[in-house]
Amino acid sequence: MNIKLLHSYDDIICLDNLYLAWQDFVVGKRNKFDVQQFDLDLITNIDSLHSDLVFKTYSHGGYYSFYINDPKRRHIHKADVRDRLLHHAIYRLLYPFFEKTFISDSYSCRIGKGVYKAIDNFYVKSYKVSKNNTKSCWVLKCDIRKFFASIDHGILLDILDEYIPDKNIVGLLADVIDSYHNESTHGIGLPLGNLTSQLFANIYMNVFDQWVKHKLKARHYIRYADDFVIISDDREWLEGVIDEIRDFLFGRLNLSLHPTKIYLKTLESGVDFLGWILFPKYRLLRKKTKQRMFEKLLNDPTPEVVHSYLGLLVHGNTYDIQRDLLNCCWQYAKDY
């Protein structure tokens, strides 16, 4: 039986929560024109949003869309400031509750988690499986095809309904969720630009996480967003669970494994996971990541970019790459 959210609709929409959400929202955004415009008459704008929420006249607006390369090309949909403020108000109260329902081995968009914590845990688990690198360690790595664009609104709302007894909250979440849909299919997809999308994605995939841990009985499992690995010393067992995973994802969550991104290999041969090629005793940067890094440095060799890449490189065995970077951008990295 699922635990239940104790907060009410009034807790989310109250003025105190909206003002605290604004303080969270403006961090790093005060120089944005749309944020400055909203801030010029902040009290009136927040009061107006609060009034619409109280009288149930609120309706989520549309999206401004654009593309970024991060590193692959992504289609971002950005809501207006008023709607994004509400996203933060929702997130402030829902995240702490749902965080308690997540397994410890999911690492995307969670406080105290992240890519390098996931990689560290990968090594902890691989050492256990390989008996400190004395036995073969097999890794099944999978990727979900078009993950955010494939999330089913009806399934997501059913999951949320299991945890949230206040139907006014569920109705508000439905308004946010249904404000966006896949370009080709209504009722499908979450926008990459919404803060709430990160939380909803973890809530959605938590169903899969729980199944992997408690039904599939995979002891050594790690997920980051739509990438996940299962580590075992039994190759045949890993081969056998692929179809079970595929069937569960499609049957329960309407998701599909990416057909060309299913890998089963030994750790000794190198596992491509979260931007690094992981080996038993060291990790290397992907060649494509290295190429993109130097292309960007040629086009935008600012101190901030140089230092950010140097910060990335300290997480792996990258002495030669660091040397090449410092040689080509020495004037921007004098203090590093």
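Keep in mind it's a predicted model, so treat the numbers as computed, not measured.

The rules behind these values
Residues numbered from 1 in each chain as written. Predicted model: local features only at pLDDT ≥ 70, side-chain atom pairs only at ≥ 80, totals over all residues. Heavy atoms only, no water. Helix = DSSP H or I, 4+ residues; strand = E, 2+ residues; numbered from the N terminus. Rg over C-alpha atoms; globule rule 2.2 N^0.38 Å. Buried < 20%, exposed > 50% of the residue type's maximum accessible area, 1.4 Å probe, protein only. Contact = heavy atoms within 4.5 Å. Axes fitted to C-alpha atoms, helices over the stretch in contact; angles between N-to-C directions. Parallel < 35°, antiparallel > 145°, perpendicular 65-115°, else oblique. Left-handed = near helix turned anticlockwise from the far one by under 90°. Nonpolar A, V, L, I, M, F, W, Y, C, P; charged D, E, K, R; others polar. 1 Å grid on protein atoms, 1.4 Å probe; cavity = no way out; pocket = protein on both sides within 12 Å on 5 of 7 lines; lining within 4 Å. Points joined across faces, edges and corners; volume = space filled by probe spheres on them.

**Student:** So what exactly am I meant to see when it comes to the overall build of the protein here?
**Tutor:** Counting its secondary structure elements, the protein contains 14 helices and nine strands. A compact globule built from 336 residues should have a C-alpha radius of gyration of about 20 Å, and the protein, at 22 Å, falls within 12% of that. Seen along its three principal axes, the alpha-carbon backbone of the protein occupies a region of about 65 × 55 × 35 Å. Burial analysis of the protein (336 residues in total) assigns 47% to the buried set. In the protein, once contacts between residues fewer than 6 apart in sequence are set aside, the share between residues at least 24 apart is 69%.

**Student:** Can you walk me through the packing of helix 5 (residues 81-99) against helix 10 (residues 195-214) in this structure?
**Tutor:** Running from amino to carboxyl end, helix 5 crosses helix 10 at an angle of 25°, the nearest separation of the two axes being 9 Å. One way to sum up the angle between helix 5 and helix 10 is to call them roughly parallel. As helix 5 packs across helix 10, the resulting crossing turns out to be left-handed. Of the residues in helix 10, those touching helix 5 at His 87, His 88, Ile 90, Tyr 91, Leu 94, Tyr 95 and Phe 98 are Leu 195, Thr 196, Leu 199 and Ile 203. Each residue belonging to the contact of helix 5 with helix 10 can be placed in one class, and the counts come to eight nonpolar, three polar and no charged.

**Student:** What exactly am I supposed to notice about the layout of surface pockets here?
**Tutor:** Put simply, the second largest pocket is a space of about 330 Å³. Surrounding the second largest pocket, 16 residues form its lining, Phe 25, Lys 29, Lys 78, Arg 84 and Gly 193 being those nearest its centre. Put simply, the parts of the chain that give the lining of the second largest pocket at least two residues each are helix 3 (33-40), strand 2 (73-78), helix 5 and helix 10. Here the lining of the second largest pocket is built from residues that sort into five nonpolar, six polar and five charged.

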